[in-house]
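As a plain string of letters, each chain reads:
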Amino acid sequence: MPEVEQELLMQALHSDQTLMQEYLEMLSAIEQLNQIRLHPSEKVVHAIKSMAHSTGLQKV
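Bear in mind the structure is a predicted one, so any value in this text is a computation, not a measurement.

Chemist: How do you make sense of the packing of helix α1 (residues 3–15) against helix α2 (residues 17–34) when you look at a structure like this?
Modeler: In a packed pair of helices, the relevant descriptors are the angle between the two axes and the axis-to-axis distance. Where α1 contacts α2, the two axes come as close as 5 Å, and the packing angle between them is 110°. When the axis of α1 is compared with that of α2, the two are roughly perpendicular. In this structure, α1 contributes Ala12, Leu13, His14 and Ser15 to the contact, and α2 contributes Gln17, Leu19, Met20 and Tyr23. Tallied by class, residues from the contact of α1 with α2 come to five nonpolar, three polar and no charged.

Chemist: Help me out: how do you make sense of the environment of Ile30 in this one?
Modeler: By secondary structure assignment, the location of Ile30 is in helix α2. You can call Ile30 partly exposed: its relative accessible area is 47%.

Chemist: Would you mind showing me how to read the environment of Pro2 here?
Modeler: By the secondary structure assignment, Pro2 is in the segment before α1. The exposure class of Pro2 is partly exposed, given its relative accessible area of 47%. It is 18 Å that separates the C-alpha atoms of Pro2 and Tyr23, two residues lying 21 residues apart in sequence.

Chemist: Explanation requested: a nonpolar patch on the surface in the structure shown.
Modeler: Residues Tyr23, Leu24, Leu27 and Ile30 make up a contiguous nonpolar surface patch of roughly 350 Å² in combined accessible area. Positionally, Tyr23 belongs in helix α2.

Chemist: What should I look at first to understand helix α3 (residues 42–55) in this one?
Modeler: Three or four residues apart is the spacing at which side chains of an α-helix point the same way, because the helix has 3.6 residues per turn. In this model α3 runs 20 Å from its N-terminal to its C-terminal C-alpha over 14 residues, within 8% of the 20 Å that 1.5 Å per residue would give. With one of 14 residues buried, α3 lies mostly on the surface of the structure. Looking one or two residues past α3, Gly56 carries a phi angle of roughly 80°, positive in sign.

Chemist: Would you mind going over α2 with me for this structure?
Modeler: If you check α2, its first and last C-alpha atoms are 26 Å apart, about what 18 residues at 1.5 Å a residue would give, namely 26 Å. Two to three positions downstream of the cap, the backbone nitrogen of Thr18 sits 3.0 Å from a side-chain oxygen, assigning the N-cap of α2 to Asp16.

Conventions used here
- Residues numbered from 1 in each chain as written.
- Predicted model: local features only at pLDDT ≥ 70, side-chain atom pairs only at ≥ 80, totals over all residues.
- Heavy atoms only, no water.
- Axes fitted to C-alpha atoms, helices over the stretch in contact; angles between N-to-C directions.
- Helix = DSSP H or I, 4+ residues; strand = E, 2+ residues; numbered from the N terminus.
- Parallel < 35°, antiparallel > 145°, perpendicular 65-115°, else oblique.
- Contact = heavy atoms within 4.5 Å.
- Nonpolar A, V, L, I, M, F, W, Y, C, P; charged D, E, K, R; others polar.
- Buried < 20%, exposed > 50% of the residue type's maximum accessible area, 1.4 Å probe, protein only.
- Patch = residues over 30% accessible without salt bridge, like charges linked within 9 Å, V, L, I, M, F, W, Y side chains within 5 Å.
- Areas by Shrake-Rupley, 256 points an atom, 1.4 Å probe, with all protein chains shown as cover.
- Salt bridge = Lys/Arg side-chain N within 4 Å of Asp/Glu carboxyl O.
- Expected span 1.5 Å × (residues − 1).
- Polar contact = N/O pair within 3.5 Å; in protein donor to acceptor, adjacent residues only side chain to side chain.

Encoded structure:
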């Protein structure tokens with residue numbers, strides 16, 4: 001974001017409490033999204049492998 005736009009955003013955030021609250025909520029949501037595990041746990045992988053083996057699908 002260009003510096004001029006950043007300054008305008010900061011002014012808007014400081015003058016509008018509702019906007020500031022929404023901004024903080026979005027920052028919190030971004031932080032939570034960054035903490036999401038994108039890989040299955042070992043327990044899930046083991047369960048899938050066990051199911052595949054018991055049904056004869058282990059080569060798929």
